[in-house]
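# Overview (structure and organization)
Listed below are the residues making up each chain.
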Amino acid sequence: MGRLGTKRTPFVLLTVVMLGSGLISLLLLNSSLNQGSFELNKLQRRTTELTDQQQALQQEVDQLAAPDALARRARELGMIPGGSPVFLRPDGTVIGNPAPAGTGAADNAAYTAPGAPPPAVVPPPPGAPRPAVPGRQPGPVLPAQVR
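Please read these numbers as outputs of a predicted model, since none were measured by experiment.

## Regarding the overall build of the protein chain
Regarding its fold elements, the protein chain presents 3 helices and 2 strands. Helices (α) and strands (β) of the protein chain occur, in sequence order from the N terminus, as α-α-β-β-α. Within the span of the protein chain, comprising 147 residues, buried residues form 5% of the whole. Look at the contacts in the protein chain between residues 6 or more apart in sequence, and 45% of them connect residues 24 or more apart. When the accessible surface of the protein chain is split by element, carbon and sulfur atoms take 66% of a total near 12,800 Å².

## Re the environment of P100
Note on placement: P100 falls in the loop between β2 (94–95) and α3 (105–110). We classify P100 as exposed; its relative accessible area is 54%. Each C-alpha atom of the pair P100 and G83 lies 8.3 Å from the other, and the pair is 17 residues apart in sequence.

## Quick notes on the pattern of salt bridges
Within this structure, the stated rule accounts for 2 salt bridges. Across the pair E49 and R46 runs a salt bridge whose closest N-O atoms are separated by 3.8 Å. Within this pair, E49 and its partner R46 are both found in helix α1 (residues 2–64), separated by 3 residues, close to a single helical turn. Overall, the relative accessible area of 44% leaves R46 in the partly exposed class. Two residues, E76 and R73, come together in a salt bridge whose shortest N-O distance is 3.3 Å. Taken as a pair, E76 and R73 lie in helix α2 (residues 67–76) at a separation of 3 residues, close to a single helical turn. Judged by relative accessible area, R73 falls into the partly exposed class, the value being 46%.

## Comments concerning a nonpolar patch on the surface
A cluster of nonpolar residues, L23, L26, L29 and L33, forms a patch on the protein surface that exposes about 430 Å² of accessible area. With respect to the helices and strands, L29 occurs in helix α1. We classify L29 as partly exposed; its relative accessible area is 47%.

## Overview of the environment of G82
Relative to the helices and strands, G82 is located in the loop between α2 and β1 (87–88). C-alpha separation for the pair G82 and P100, spaced 18 residues apart in sequence, amounts to 8.0 Å.

Thresholds applied
- Residues numbered from 1 in each chain as written.
- Predicted model: local features only at pLDDT ≥ 70, side-chain atom pairs only at ≥ 80, totals over all residues.
- Heavy atoms only, no water.
- Helix = DSSP H or I, 4+ residues; strand = E, 2+ residues; numbered from the N terminus.
- Buried < 20%, exposed > 50% of the residue type's maximum accessible area, 1.4 Å probe, protein only.
- Contact = heavy atoms within 4.5 Å.
- Areas by Shrake-Rupley, 256 points an atom, 1.4 Å probe, with all protein chains shown as cover.
- Salt bridge = Lys/Arg side-chain N within 4 Å of Asp/Glu carboxyl O.
- Patch = residues over 30% accessible without salt bridge, like charges linked within 9 Å, V, L, I, M, F, W, Y side chains within 5 Å.

Given below as structure tokens:
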């Protein structure tokens with residue numbers, strides 16, 4: 001019986017070592033998976049925070065880009081409304097009355113404060129003759145004149 005026990009000893013030791021190394025490798029694998037899970041959780045929280053911050057910044061940009069905010073900021077910087085536009089025809093004639101911005105009472109009267117409803121403009125009925133405006137030459141209607 002002594003001989004049989006000596007032949008089994010290396011096999012038993014090999015089996016115990018293999019089981020032990022298998023258990024240790026499972027323990028290491030489980031701990032690395034847990035560590036990855038914690039890191040994933042941390043990154044998801046950070047992503048949520050950054051998404052909230054991006055949405056808040058986008059909302060601020062949208063508020064600052066609104067027309068009334070731009071007009072208010074322009075007034076704070078000393079800018080004034082431009083007034084009525086003037087057009088040049090290809091032959092060099094001027095359509096409209098050129099004037100520096102903010103010099104005429106008509107320029108300031110045409111300006112409406114931000115948020116105020118625009119003045120009502122009633123278009124003439126179709127086919128009605130266009131009223132004569134001083135400084136305008138009769139001629140074809142350009143697309144820039146039709147509004």
